[in-house]
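This is what each chain is made of:
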Amino acid sequence: MDTHSLLTPTAPRRRLRAGLPLLAVLCALAGAGAAQAQAPAAAPAAASKDDSAIVLVGKDGWLFPAWGSLSAVDMQAVDASTGLIAETKARLAARGVRLELLLLPDKVLFYEDRLPEGKVVSASVEKRYDSILGSLQKAGVDALDARKVLAGVRAGGTDVFYRSDQHWTQAAADATADALAARIKQAVPNLAGEPGTGTPLGKETRERRYGDLAELFLPPEQRAAVGRETFTVRRAAESQGLLDSGKAPVHVTGHSMVQAYFGFPQKLSNALDRPVTVNWKAGNVGPWIMLLEYLESDDFRTNPPQVLVWQMFEPVYGFGPQAQGQWDNASIMTPAQFTARVNKALGQ
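Calculation rules
- Residues numbered from 1 in each chain as written.
- Predicted model: local features only at pLDDT ≥ 70, side-chain atom pairs only at ≥ 80, totals over all residues.
- Heavy atoms only, no water.
- Helix = DSSP H or I, 4+ residues; strand = E, 2+ residues; numbered from the N terminus.
- Buried < 20%, exposed > 50% of the residue type's maximum accessible area, 1.4 Å probe, protein only.
- Contact = heavy atoms within 4.5 Å.
- Pairing = 2+ DSSP bridges.
- Axes fitted to C-alpha atoms, helices over the stretch in contact; angles between N-to-C directions.
- Parallel < 35°, antiparallel > 145°, perpendicular 65-115°, else oblique.
- Nonpolar A, V, L, I, M, F, W, Y, C, P; charged D, E, K, R; others polar.
- Arc of directions from axis to C-beta.
- Salt bridge = Lys/Arg side-chain N within 4 Å of Asp/Glu carboxyl O.

Engineer: Is there a simple way to explain the overall build of the chain in this structure?
Structural biologist: Summing up its helical and strand segments, the chain has 12 helices and nine strands in all. In the chain, buried positions account for 58% of the 348 residues. Contacts in the chain between residues at least 24 apart in sequence constitute 79% of all its contacts with a sequence separation of at least 6.

Engineer: Would you explain the pairing of strand β9 (residues 307-313) in this entry?
Structural biologist: The side chains of a regular strand alternate, first on one face of the sheet and then on the other. The buried fraction of β9 is high, at seven of seven residues. Across the two faces of β9 the burial is the same, with V307, V309, Q311 and F313 and L308, W310 and M312 all buried. When strand β4 (residues 98-104) meets β9, the two strands line up parallel, connected through seven bridges. Within β9, the residue paired with R98 across the bridge is V307.

Engineer: Sorry if this is basic, but what is going on with the packing of helix α2 (residues 75-94) against helix α12 (residues 335-345) here?
Structural biologist: Helix packing for two helices is described by the angle between their axes and how far apart those axes are. Where α2 meets α12, the axes come as close as 11 Å, and the angle between the chain directions of the two elements is 10°. Of the possible angle classes, the one that applies to α2 and α12 is roughly parallel. In this structure, α2 uses L84, E87, T88 and R91 to contact α12, whose residues at the interface are P335, F338, T339, V342 and N343. Taken together, the residues of the contact of α2 with α12 sort by class into four nonpolar, three polar and two charged.

Engineer: Please explain helix α5 (residues 146-155) as it appears in this structure.
Structural biologist: Residues separated by three or four positions in an α-helix point in the same direction, a consequence of the helix having 3.6 residues per turn. When α5 is considered as a whole, its buried residues turn out to be A146, R147, V149, L150 and V153. Buried residues of α5, seen end-on, are gathered within an arc of 160° and therefore sit on one face of the element. In α5, the exposed residues that point more than 90 degrees away from the buried face are K148 and A155. Looking at the buried side of α5, the elements it contacts are β4, α3 (123-126), α4 (128-138) and α6 (170-187). Phi turns positive, to about 95°, at G157, one or two residues after α5.

Engineer: Can you walk me through the pattern of salt bridges in this structure?
Structural biologist: Side-chain pairs of opposite charge can arise where the charged atoms are in close proximity. One pass over the structure, following the stated rule, counts 16 salt bridges. A salt bridge links D142 to R183; its shortest N-O distance comes to 3.5 Å. Here the residue D142 occupies a position in the loop between α4 and α5, and R183 occupies one in helix α6, the gap between them amounting to 41 residues. Judged by relative accessible area, which is 17%, R183 ranks as buried. In this structure, K281 and E293 form a salt bridge, with 3.0 Å as the shortest nitrogen-oxygen distance. In this pair, K281 is assigned in the loop between β8 (276-280) and α10 (287-295) and E293 in helix α10, connecting sequence segments 12 residues apart.

Here it is in structure tokens:
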């Protein structure tokens, strides 16, 4: 099944500043219904060979994306992706841009006990996140251990993923943003811009709705059985207005986990006390084309950031830019083509 065909009409890339009022952000995303049915964050075109369904219906109404393997880890593919990332980091550094790779962990690692009966996570998949970090470190790419951050939130009694949705909770996004901001401030103590230009955080509200995995992929009867759940949303602060165009020292590129609805860019901006820009796209486009869309944009050419946060997702990390049947056709390219486009965008 090509999950790209299941996206809402508002799925194309959105570029926004983290300082935008959240109400305006939600309207820009999808009108009245965008938040109710976000498309897959990084779903490939076919389910994992472990399962024939696009969604695993677990215990107590817990849902899991079925496009990540529960049994196998292809370390050769992992190392190939790492090689491309390391090359990109070096080329960005030559342009004075620091790369921060943000690898977000798989939902199943935190809720294995909620998987359907008979489904288990293999030892290699249990260690996959650490294996990827090890691959990165060996290649000279130091990255935040987001799994450790989320594990701390979970140990405190707060969920880090929604029950019927593939996305993280605001608590998880906030904790990750704080940890990443600390890394950025240590690595780049003199961020451009003026203090007081970060996003002020507004009050939290709660919305009762279906998660995206239930809304998009379950038949009505099964969706009703899973039920709605409560989503925490941070509204814009009353003092928050539209930002003027101008340079932001930090940019985030990724999929729908880093969109404003889940609070990550606002919290990162607030913690850094500087503006943060974002480009993201839902669906099976993959992280490679998302990075290129930003590097090839007028925004990057005219206002390159000091720090570029490149968000990836653990279950599909080994899917390189050439992953036929995983990314949509417009996103497919060979590793050599990816490197050539990075070099051209960076003037190298």
